[in-house]
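Structural overview
Residue-level listing of the chains:
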Amino acid sequence: MIKLINIELYKIFKKWRTYIGFIAIAILVPVIEFALQIEGHKSLDFMTRDLQQSFIFVGNLLNTYFVSYLILNSLSVHIPFLITLVAGDLLAGEATAGTYRLILTRPVSRMKIVSSKFIAGIIYTFLLILWLAIVSLGLGYLLLGTGELMVFRGGIIMVFAKNDILWRFLLAYGFAVLSMGVVASLAFLFSALVENAIGPIITTMAIIIIFLIISAINVDLFQTIKPYLFTSYMGSWSMFFDKPIDTYEIVKSTLIMLGHIAGLFGLASYIFYKKDILT
Amino acid sequence: MKKVFLLYFLITTICFAQSKDPNVIIKNLKDTFQKVKDYSADVDIKVDVTFLKVPEMKAKIYFKQPDKMHIESDGFAMLPKDGLYTSPLSLLGGEFTAIYAKDELFEGHNTSVVKIIPLNDKGDFILSTLWIDQSENLLCKVESTTKTNGTFTIILGYGNNKFPLPDNIEFSFNAVRLKLSHNSMEEENSNNKKDNPDSSTGKVFLTYSNYVVNKGIPDSIFLKKAKTSKN
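A brief report on the enclosed structure follows. (Residues numbered from 1 in each chain as written. Chains lettered and ligands numbered in written order. Predicted model: local features only at pLDDT ≥ 70, side-chain atom pairs only at ≥ 80, totals over all residues.)

**Observations regarding the environment of H109(B)**
All names here are of chain B.
- For H109, the position within the fold is in strand β7 (residues 109–118).
- We classify H109 as partly exposed; it has 18 C-beta atoms within 10 Å.
- Spatially, the C-alpha atom of H109 lies 8.9 Å from that of Q134, the residues being 25 residues apart in sequence.
- When sequence neighbours within four positions are dropped, the list of residues in contact with H109 reads D133 and C140. (Helix = DSSP H or I, 4+ residues; strand = E, 2+ residues; numbered from the N terminus. Buried ≥ 20, exposed ≤ 12 C-beta atoms within 10 Å, placed from the backbone. Contact = placed C-beta atoms within 7 Å.)

**Describing the packing of helix α9 (residues 166–193) of chain A against helix α12 (residues 247–274) of chain A**
All names here are of chain A.
- Contact geometry of α9 with α12 gives a least axis separation of 9 Å together with a crossing angle of 15°. One element, α9, and the other, α12, form an angle in the roughly parallel class. Viewed along their axes, α9 and α12 form a crossing whose handedness is left-handed. Counted together, L178, S179, G181, V182, S185, L186, F188, L189, A192 and L193 of α9 and T254, M257, H260, I261, L264, F265, L267, A268, I271 and F272 of α12 form the full contact between these two elements.
- Along the lines of polarity and charge, the residues of the contact of α9 with α12 split into 15 nonpolar, 5 polar and no charged. (Axes fitted to C-alpha atoms, helices over the stretch in contact; angles between N-to-C directions. Parallel < 35°, antiparallel > 145°, perpendicular 65-115°, else oblique. Left-handed = near helix turned anticlockwise from the far one by under 90°. Nonpolar A, V, L, I, M, F, W, Y, C, P; charged D, E, K, R; others polar.)

**Remarks on the environment of I126(B)**
All names here are of chain B.
- Relative to the helices and strands, I126 is located in strand β8 (residues 125–133).
- Exposure remark for I126: the 13 C-beta atoms within 10 Å place this residue in the partly exposed category.
- Taking the C-alpha atoms as reference, I126 lies 30 Å from A59; in sequence the two are 67 residues apart.
- Those residues in contact with I126, other than ones at most four positions away along the chain, are T145, T146 and K147.

**Digging into the nonpolar core**
- In terms of nonpolar packing, the biggest core is built from 117 residues, with I83(A), A187(A), F188(A), I45(B) and A59(B) touching the most fellow members.
- Not counting residues within four places of it along the chain, the set of residues in contact with A59(B) comprises V58(A), V43(B), I45(B), I71(B), E72(B), S73(B), A77(B) and L79(B). (Core = buried A, V, L, I, M, F, W, Y, C linked by C-beta atoms within 7 Å.)

**Regarding unusual backbone geometry**
- Each neighbour pair has its own omega, and for K243(A) with P244(A) the value is -5°, a cis peptide bond.
- Here P244(A) is to be found in the loop between α11 (220–225) and α12.
- Of note, the amide linkage connecting Q65(B) to P66(B) takes the cis form, showing an omega dihedral of -5°.
- Tracing the sequence through the fold places P66(B) in the loop between β3 (57–64) and β4 (68–73).
- Positive phi, normally seen in glycine, also occurs at N210(B), with a value near 55°.
- Topologically, N210(B) is positioned in strand β12 (residues 199–213).

Set out below in structure tokens:
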């Protein structure tokens, strides 16, 4: 099984499109951080203008943690696209290349094949988020240093001490891997249904966008549906920046994400297992 | 005759009690503080506001007569603008009318209560009430009403400092709901959705220590912006 996963990882990283995500993050994150280094004080002053009417601020809130937090927020919609680029191609790419029969005639079960592809997709997702974390926090540390983090959540302004932040980020990035894992699983499911990678990529992104729009519209019917949409939990990484941390909600969100991953993988496996390969 | 003397004594006593000169009280307060040419102190800051969750912070404050102030911190610190008491002069700037109200026992101090009404409309203060310990010429409590931030109260506690500088300050205020720009998706996943009222009372506790008084502070310190040492 390990060998199969290694082979799938090799195939993933042999394709140039795999590096689009890494390159995009390598370009976008430094651009954001350089821009914030130059103009970030104005943004921060704007954000804290009401608070500064009553309080004197001493110190520098513009540091790697603040910038990384902003980046994690703003990229939570764009990262799924980078995930689907690879996950959507895992099975459909074999059909496009005409290699389905080649791999399925090997003495390896279909379950092992589909499992190894899925695990390779999850590993890619993990590596992409890890890259995001390294570039955000690492480059931010070099440019801006560390300091306290101020966040605004649910009407409460929270400031975290310097030594109380890094572990929260590690858990937040960990949860981001989980939520992007759901995206990868969804794209993987669609990839099992079609023979061209474009379909799964577009379909997955369309579903994410539709679910996000439904969640954002303040209508009673949509608010009833909202707890059942996986996109409602994609931003749950920010719960690690609460005081105190709501362990129950985090565990609930984690189980829902894991449930989605298991369900989507199960369905994709069943479809692939029963698939009649005609190409 | 004795009755006449007793009556005379009673009348003059009452007259004296009613005729405490508030301007003299204020002047004595200012003169006592003039002994402090400059000082620096470490300050521990604890914020107790419903919608503000901030860890305990540390800063260093520098003051030089008449009104120079500088604050430094190794990390981030936020200090209340109105509650950052550096000298009585910060509360008694500009022209004002002082009215003596009464004597009151406040936290073990026999204080005279003096009301200050600014004569200038341009300032933020509308009315200030000062509780002044006349025996030691110390400011014990301030209650001020401002145009923009409502009413706040400052309670000053003194230790065995030979200078008229407080060991601790409790600043209470009506905190208007303060907002930061935020990401809407983050708000939806927040666990802190509470029906917070738009206004809330808050307290900030300042504890001063390691006073260094009248040792000379160069003016160059006050030219720097409030700074932090960057990691």
